[in-house]
Amino acid sequence: DDNTPFHGGHRNNPQIEHAISTLLTLFRTRNLPIFHVKHNSRDPSSTLHPSHPGNAIFPFAMPSPSRPIDEPLYEKSVHSAFIGTSLEADLHARGITRLFVCGFTSNMCVNTTVRMAENLGFEVFVVEDACATFDRVGPDGVLRRAEDVHAYAMSDLHGEFCTVIKASDVQGLLGN
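Residues numbered from 1 in each chain as written. Predicted model: local features only at pLDDT ≥ 70, side-chain atom pairs only at ≥ 80, totals over all residues. Heavy atoms only, no water.

Asker: Sorry, what's going on with the overall build of the chain here?
Answerer: Helix and strand counts for the chain come out as five helices and seven strands. Listing each helix as α and each strand as β along the chain from the N terminus yields α-β-β-α-β-α-β-β-β-α-β-α. For 176 residues, the compact-globule estimate of 2.2 N^0.38 gives 16 Å, and the chain sits close to it at 16 Å. Principal-axis analysis of the C-alpha atoms gives the chain an extent of 45 × 35 × 30 Å. (Helix = DSSP H or I, 4+ residues; strand = E, 2+ residues; numbered from the N terminus. Rg over C-alpha atoms; globule rule 2.2 N^0.38 Å.)

Written as structure tokens, this is what we have:
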């Protein structure tokens, strides 16, 4: 699974597409709001810059055009979904206190957003099998496999900033 056009290299969790699609279907079926976040890098050389194909939203994660009010899209240029967006105010305006977070990348945007969400007083669940990351080379020059980077990111968050769960746990947490 070569993800070079997106972020450069090996990615963990080849099932992310299925997990996110399943979560979106669950929330849509229950008529629950879904808050989509897209990263627009300010660096013109980044694959996530708006001028590059890597900036596009994956088809499996697209907001539903039939639910524009219940599936807003927030565009950000930093790792946190709360900086430079109205996300926090919009969540408070809807009375939302519990968040289920998924997406790319486990150790960067997901991690930063989850930490801020908890600091802002939200109850946060990270759906670990609906998150993914890529291989990283550390400052020591050692290659860390995406599977390890993801596991470390989830370990750093769980119990301190959120509860890490599986996609199969979400329906039970939503209640009837």
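We are not done yet, so read on.
Asker: Which parts of the structure should I look at to understand helix α3 (residues 106-119)?
Answerer: Count 3.6 residues to each turn of an α-helix, and residues three or four apart come out pointing the same way. Over its 14 residues, α3 extends 18 Å from the first C-alpha to the last, a length consistent with the 20 Å expected when each residue adds 1.5 Å. Of all the positions in α3, only S106, M108, C109, V110, N111, T113, V114 and A117 are classed as buried. Buried residues in α3 make contact with β1 (36-39), β2 (73-76), β3 (98-104), β4 (123-132), β5 (136-137) and α4 (146-157). With its phi angle positive at about 100°, G121 sits one or two positions after the end of α3. (Expected span 1.5 Å × (residues − 1). Buried < 20%, exposed > 50% of the residue type's maximum accessible area, 1.4 Å probe, protein only. Contact = heavy atoms within 4.5 Å.)

Asker: Hey, could you run me through the pairing of β2 in this one?
Answerer: Within a regular beta strand, the side chains point alternately toward one face of the sheet and then the other, so they alternate between its two faces. What you see with β2 is a clean split: Y74 and K76 sit on the buried side and L73 and E75 on the side with no burial. In terms of strand pairing, β1 meets β2 through four bridges, oriented parallel. Pairing of H39 across the sheet is with K76, part of β2. (Pairing = 2+ DSSP bridges.)

Asker: What am I meant to see in the sheet that holds β4 here?
Answerer: Strands in a sheet are paired, the pairing made by backbone hydrogen bonds, and the direction either parallel or antiparallel. Pairing is parallel in the open sheet, where three strands are placed in the order β3-β4-β7. Each edge of the open sheet is held by one strand with a lone partner, namely β3 and β7 (163-165). Put simply, the sheet's adjacent strands are angled 30° from each other on average, direction ignored. (Axes fitted to C-alpha atoms, helices over the stretch in contact; angles between N-to-C directions.)

Asker: What exactly am I supposed to notice about α4 here?
Answerer: The terminal C-alpha atoms of α4, which comprises twelve residues, lie 17 Å apart, in line with the 16 Å expected from a rise of 1.5 Å per residue. Considered for burial, the residues of α4 that qualify are A146, V149, H150, A153, M154 and L157. Around the axis of α4, the buried residues are gathered within 130° of arc, so they sit on the same side. For α4, the exposed residues lying more than 90 degrees away from the buried face are Y152 and S155. Tucked into the core, α4 has its buried residues touching α3, β4, β5, β6 (143-144) and β7. (Arc of directions from axis to C-beta.)

Asker: Is there a simple way to think about the confidence of the model for the chain in this case?
Answerer: Any segment with low pLDDT has predicted coordinates that should not be analysed in fine detail. Taken residue by residue, the chain gives an average pLDDT of 93. The fraction at 70 or more is 95%. Scored below 50 in pLDDT, residues 1-5 shows ten contacts in the model against residues more than four places distant or in partner chains. (pLDDT = per-residue confidence, 0-100.)

Asker: How should I be thinking about the nonpolar core in this particular structure?
Answerer: Generally speaking, a soluble globular protein has its nonpolar side chains buried in company with each other. In terms of nonpolar packing, the biggest core is built from 20 residues, with L99, V114 and V126 touching the most fellow members. Going through the elements one at a time, α2 (87-93), β3, α3, β4 and α4 are the ones with two or more residues in this core. (Core = buried A, V, L, I, M, F, W, Y, C linked by side-chain atoms within 4.5 Å.)

Asker: Would you mind showing me how to read the packing of aromatic side chains here?
Answerer: The tally for this structure, following the rule as stated, stands at seven aromatic pairs. In this structure an aromatic cluster arises from ring pairing among F58, F60, F104 and F134. (Phe/Tyr/Trp six-rings, centres within 6.5 Å; stacked < 30°, edge-to-face > 60°.)

Asker: Please clarify how the side chain of S80 should be interpreted in this entry.
Answerer: In this fold, S80 is placed in the loop between β2 and α2. Polar side-chain contacts of S80 include one of 3.0 Å to the backbone nitrogen of F82. Beyond its immediate sequence surroundings of up to four residues, S80 is in contact with T112, T113 and M116. (Polar contact = N/O pair within 3.5 Å; in protein donor to acceptor, adjacent residues only side chain to side chain.)

Asker: Is there a simple way to explain the pattern of salt bridges in this structure?
Answerer: Pairs can form between side chains of opposite charge whenever their charged atoms are close. By the definition in use, this model includes eight salt bridges. For the salt bridge of R67 with E71, the shortest nitrogen-to-oxygen distance reads 2.9 Å. There is no split in this pair, since R67 and E71 are both buried. Among the salt bridges present, the one from E123 reaches R98, with a minimum N-O distance of 3.0 Å. On the criterion of sequence distance, the pair formed by E123 in strand β4 and R98 in strand β3 is long-range, its members being 25 residues apart. Taken together, the shared-partner salt bridges connect R28, R67 and E71 into one network. (Salt bridge = Lys/Arg side-chain N within 4 Å of Asp/Glu carboxyl O.)

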